[in-house]
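Structural description and commentary
Residue strings, one per chain:
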Amino acid sequence: QARHPGATITPGGSGGAGPIPVSGIVFPITQADLVAGVFPAVHNLGNAYVTYKLYDDADLDTQPDDATALNVNELDVDLTNFQPIPGIWHLIVVG
């Protein structure tokens, strides 16, 4: 199963009393990226318990059918009930 690379979000914030720096990645998603209705996101953040946000092609916040943390670097996002997905969707993974 192929894993899809994305664009890396640059960490921000400061240490101490300020915001905690985080890392993240943005994945553009098209129908061609789905494997049996699932988007395989390799985020390589080293954390199984990431936060994610999904936006459809109209930039609307969308809840996937399901999301499964496979390990500390991979997240499967199930979009089966949205197929075929139109245009380009975006998945943001932070952790």
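Structural data are supplied above this passage.
Figured I'd write up the structure that's included with this text. Bear in mind that the values here come from a model prediction, so they are computed numbers and not experimental data.

**Describing the overall build of the protein**
- A tally of regular secondary structure across the protein gives zero helices and seven strands.
- In sequence order, the secondary structure elements of the protein are arranged as β-β-β-β-β-β-β.
- In the protein, buried positions account for 32% of the 95 residues.
- Taking the contacts inside the protein whose residues are at least 6 apart along the sequence as the reference set, 61% of them involve residues at least 24 apart.
- As displayed, the protein offers around 5,300 Å² of accessible surface, 56% of which is attributable to carbon and sulfur atoms.

**A closer look at the environment of His 43**
- Positionally, His 43 belongs in the loop between strand S3 (38-42) and strand S4 (51-55).
- C-alpha separation for the pair His 43 and Ile 92, spaced 49 residues apart in sequence, amounts to 9.6 Å.
- At a separation of 3.1 Å, a polar atom in the side chain of His 43 contacts the main-chain amide nitrogen of Leu 45.

What counts as what
Residues numbered from 1 in each chain as written. Predicted model: local features only at pLDDT ≥ 70, side-chain atom pairs only at ≥ 80, totals over all residues. Heavy atoms only, no water. Helix = DSSP H or I, 4+ residues; strand = E, 2+ residues; numbered from the N terminus. Buried < 20%, exposed > 50% of the residue type's maximum accessible area, 1.4 Å probe, protein only. Contact = heavy atoms within 4.5 Å. Areas by Shrake-Rupley, 256 points an atom, 1.4 Å probe, with all protein chains shown as cover. Polar contact = N/O pair within 3.5 Å; in protein donor to acceptor, adjacent residues only side chain to side chain.

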